[in-house]
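Residues per chain, in single letters:
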Amino acid sequence: MTDSTQGALELLLVRHGETEWNRTHRYLGSSDEPLNATGLRQAEQLAAAFAETPIDVILSSDMARTMQTAQAVSAVCGVEAVTDPLLRELSFGIFEGLTYNEAQARYPTELADWQANFEKAPRGGEKLSTLSKRVEMCLNRIRGEYAGKQVLVVSHGGVIREILRQSLGLPAAGHWYFSIAAASITRLGLYASRPVLYSLNTVGHLD
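Residues numbered from 1 in each chain as written. Predicted model: local features only at pLDDT ≥ 70, side-chain atom pairs only at ≥ 80, totals over all residues. Heavy atoms only, no water.

Draft legend 1. Representation of the overall build of the protein chain in the model. Check the secondary structure of the protein chain and you find 7 helices and 6 strands. What you see in the protein chain, going N to C, is helices and strands ordered as β-α-α-β-α-β-α-α-α-β-α-β-β. On C-alpha atoms alone, the protein chain measures out to a radius of gyration of 17 Å, which is about the 17 Å that the 2.2 N^0.38 rule sets for 207 residues. Pairs at least 24 apart in sequence give 65% of the contacts found in the protein chain among residues at least 6 apart. For the protein chain, the exposed surface amounts to about 9700 Å²; the carbon and sulfur share of it is 51%. Charge centroids of the protein chain, computed over 19 positive and 23 negative side chains, lie 5 Å from each other. (Helix = DSSP H or I, 4+ residues; strand = E, 2+ residues; numbered from the N terminus. Rg over C-alpha atoms; globule rule 2.2 N^0.38 Å. Contact = heavy atoms within 4.5 Å. Areas by Shrake-Rupley, 256 points an atom, 1.4 Å probe, with all protein chains shown as cover. Lys, Arg positive; Asp, Glu negative; His and termini not counted. Charge placed at Lys NZ, Arg CZ, Asp CG, Glu CD.)

Draft legend 2. Representation of the pairing of strand E1 (residues 9-15) within the structure. Counting buried positions over the 7 residues of E1 gives 7, a clear majority of the element. What you see with E1 is no split at all: Leu9, Leu11, Leu13 and Arg15 on one side and Glu10, Leu12 and Val14 on the other are buried throughout. Pairing of E1 with strand E5 (residues 185-190) involves 6 bridges; the strand directions are antiparallel. Paired with Leu13 across the bridge in E5 is Thr186. Pairing of E1 with strand E4 (residues 150-155), which is carried by 6 bridges, proceeds in the parallel orientation. What sits directly across from Arg15, in E4, is Ser155. (Buried < 20%, exposed > 50% of the residue type's maximum accessible area, 1.4 Å probe, protein only. Pairing = 2+ DSSP bridges.)

Draft legend 3. Highlighting the pairing of E5. Extensive coverage of E5 is indicated by the burial of 5 of its 6 residues. Pairing analysis gives 5 bridges linking E5 to strand E6 (residues 195-202), with the strands arranged antiparallel. The partner of Leu190 across the bridge, within E6, is Pro195.

Draft legend 4. Structural view of helix H2 (residues 37-49). Here H2 spans 19 Å end to end across 13 residues, near enough to the 18 Å set by a 1.5 Å rise per residue. If you check which residues of H2 are buried, you get Gly39, Gln42, Ala43, Gln45, Leu46 and Ala47. The backbone nitrogen of Thr38 lies 3.1 Å from a side-chain oxygen of the residue at the head of H2, namely Asn36. (Expected span 1.5 Å × (residues − 1). Polar contact = N/O pair within 3.5 Å; in protein donor to acceptor, adjacent residues only side chain to side chain.)

Here it is, written out as structure tokens:
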């Protein structure tokens, strides 16, 4: 760290490894799917990638897939993972468990309405602004409690996109500007004067 970046909060944003619903391109959201065999291997590869990284804190969504991923890193780094339900993925309601084509066939009007306006939550699901508020609360807590630390956050694609959007000061539509792959690593520095995105969606540690 240079003098100009001392005291900065550094976030290592990790998406969980692959689940069967990820593999088959199904809406996952709030459904508590565990990692599949590929996801478990990805979690091990993530852990190996962080073996020499001085991580101060590990925060994880409390879903099975994120906790499994976080626990693999925790075992290697010797830092206990702390769960936070604010880091849960957006709930997709009636679309969960369905592929896009299945959702389109079963709920054509509701899917079209949701895609036209993400503030119209799917039946039983969440508005995008609800996720945004959860992420804002979590970010404020992280900034307040872990200033100057290196924090590994194990979460979901939607949460990581929203962390990036808010941290970089992008408009609401900016939520969709980022592609976040399974078991990817994104590195973000939050300084008093500015945010710095050091790397995005890195997957070089995977097979």
